[in-house]
Amino acid sequence: MTEKRGLRLGDVAPNFSAETTAGKIDFHKFKEDKWAILFSHPEDFTPVCTTELGAVAKISSEWEKRNTKVIGLSCNTLESHEKWISDINETQGCDVKFPIIADADRTVATMYGMLDYQDATNVDKKGMPLTVRSVFIIAPNNIIRLIITYPASCGRNFDEVLRVLD
Ligand code: BEZ
């Protein structure tokens, strides 16, 4: 009998194709033979998310030094993401160059177990769950090497993510 279970360390990161702010991607082709940080945040234009995305953008040279591609995700549309990136760049004084997945239909969030089923306030206007703050570190061979999950209310420390990557 096959058990339905969530992703674990050592699993192959599932591939997907998705619309992003950098165009349509095939995830495995996008990351090529590099490390990847795939991270979700609850919703565009919310304060903690805006600060986090600014923090990730400001250490872009640290990701590059580590041969690492960064890609964000939230369950909003591409149009919303594009407006939000302008807002992040203006308010955080940065230049967001990494792609953000427009996962409004929650395909990728469901595949990676990112949806919030414990916080009844972390929902969209239709009552559909939004994502928690997940981080996946994925190795050049596509194996998942780290999973962190924070609740929507708590921002992450990306220096800690760099530490684990090292
Ligand atoms: C925020 O980004 O500020 C946030 C998002 C969801 C829940 C709580 C805070």
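Each value, and the rule that gives it
- Residues numbered from 1 in each chain as written.
- Predicted model: local features only at pLDDT ≥ 70, side-chain atom pairs only at ≥ 80, totals over all residues.
- Heavy atoms only, no water.
- UniProt positions renumbered as here; feature names shortened; annotations may be inferred.
- Helix = DSSP H or I, 4+ residues; strand = E, 2+ residues; numbered from the N terminus.
- Rg over C-alpha atoms; globule rule 2.2 N^0.38 Å.
- Areas by Shrake-Rupley, 256 points an atom, 1.4 Å probe, with all protein chains shown as cover.
- Core = buried A, V, L, I, M, F, W, Y, C linked by side-chain atoms within 4.5 Å.
- Buried < 20%, exposed > 50% of the residue type's maximum accessible area, 1.4 Å probe, protein only.
- Contact = heavy atoms within 4.5 Å.
- Near = heavy atom within 4 Å.
- Polar contact = N/O pair within 3.5 Å; in protein donor to acceptor, adjacent residues only side chain to side chain.
- Nonpolar A, V, L, I, M, F, W, Y, C, P; charged D, E, K, R; others polar.

Taking an unreviewed UniProt entry as the reference, the protein chain is identified by name as Thioredoxin domain-containing protein belonging to Clydaea vesicula. For the protein chain, the Sequence similarities (unreviewed entry) comment in UniProt is given as "Belongs to the peroxiredoxin family. Prx6 subfamily."

**Observations regarding the overall build of the protein chain**
Assigned secondary structure in the protein chain consists of six helices and seven strands. Taken from the N to the C terminus, the helices and strands of the protein chain come in the order β-β-α-β-α-α-β-α-β-α-β-β-α. For 166 residues, the compact-globule estimate of 2.2 N^0.38 gives 15 Å, and the protein chain sits close to it at 15 Å. Expressed along its principal axes, the backbone C-alpha trace of the protein chain runs to roughly 50 × 40 × 30 Å. Summed over all atoms, the accessible surface of the protein chain reaches about 8600 Å², with 52% contributed by carbon and sulfur.

**Details of the nonpolar core**
Among the nonpolar cores identified, the biggest contains 24 residues, and Ile37, Phe39, Trp63 and Phe98 are the most heavily contacted of them. Put simply, the parts of the chain that give this core at least two residues each are β3 (35-40), α2 (47-58), α4 (78-92), β6 (133-138), β7 (144-150) and α6 (158-165). Beyond its immediate chain neighbours, meaning those up to four positions away, Ile37 contacts Trp63, Thr68, Lys69, Val70, Ile71, Val135, Phe136, Ile137, Val161 and Leu165. Of all hydrophobic cores here, the second largest spans 21 residues; its members include Ala13, Phe16, Phe30 and Met114.

**Some words on the environment of Leu73**
Mapped onto the elements, Leu73 comes out in strand β4 (residues 68-74). Using a relative accessible area of 0% as the deciding quantity, one classes Leu73 as buried. Residues Leu73 and Tyr150, spaced 77 residues apart in sequence, show a C-alpha to C-alpha distance of 15 Å. If sequence neighbours within four positions are ignored, Leu73 has contacts with Phe39, Ser40, His41, Ile100, Ile101, Asp103, Val108, Ala109, Met114 and Thr131.

**Thoughts on the site of the ligand**
Close to the ligand lie Pro42, Thr46, Pro47, Val48, Cys49, Arg133, Ala152 and Ser153, which account for all nearby residues. Thr46 is positioned such that a nitrogen or oxygen atom in its side chain is 2.9 Å from an oxygen atom of the ligand. Here an oxygen atom of the ligand sits 2.7 Å away from a polar atom, N or O, in the main chain of Val48. Protein contacts shield 75% of the accessible area of the ligand, which totals 260 Å² for the unbound molecule. At three residues, α2 tops the list of elements feeding residues into the shell around the ligand. Class assignment of the residues belonging to the shell around the ligand gives a composition of five nonpolar, two polar and one charged.

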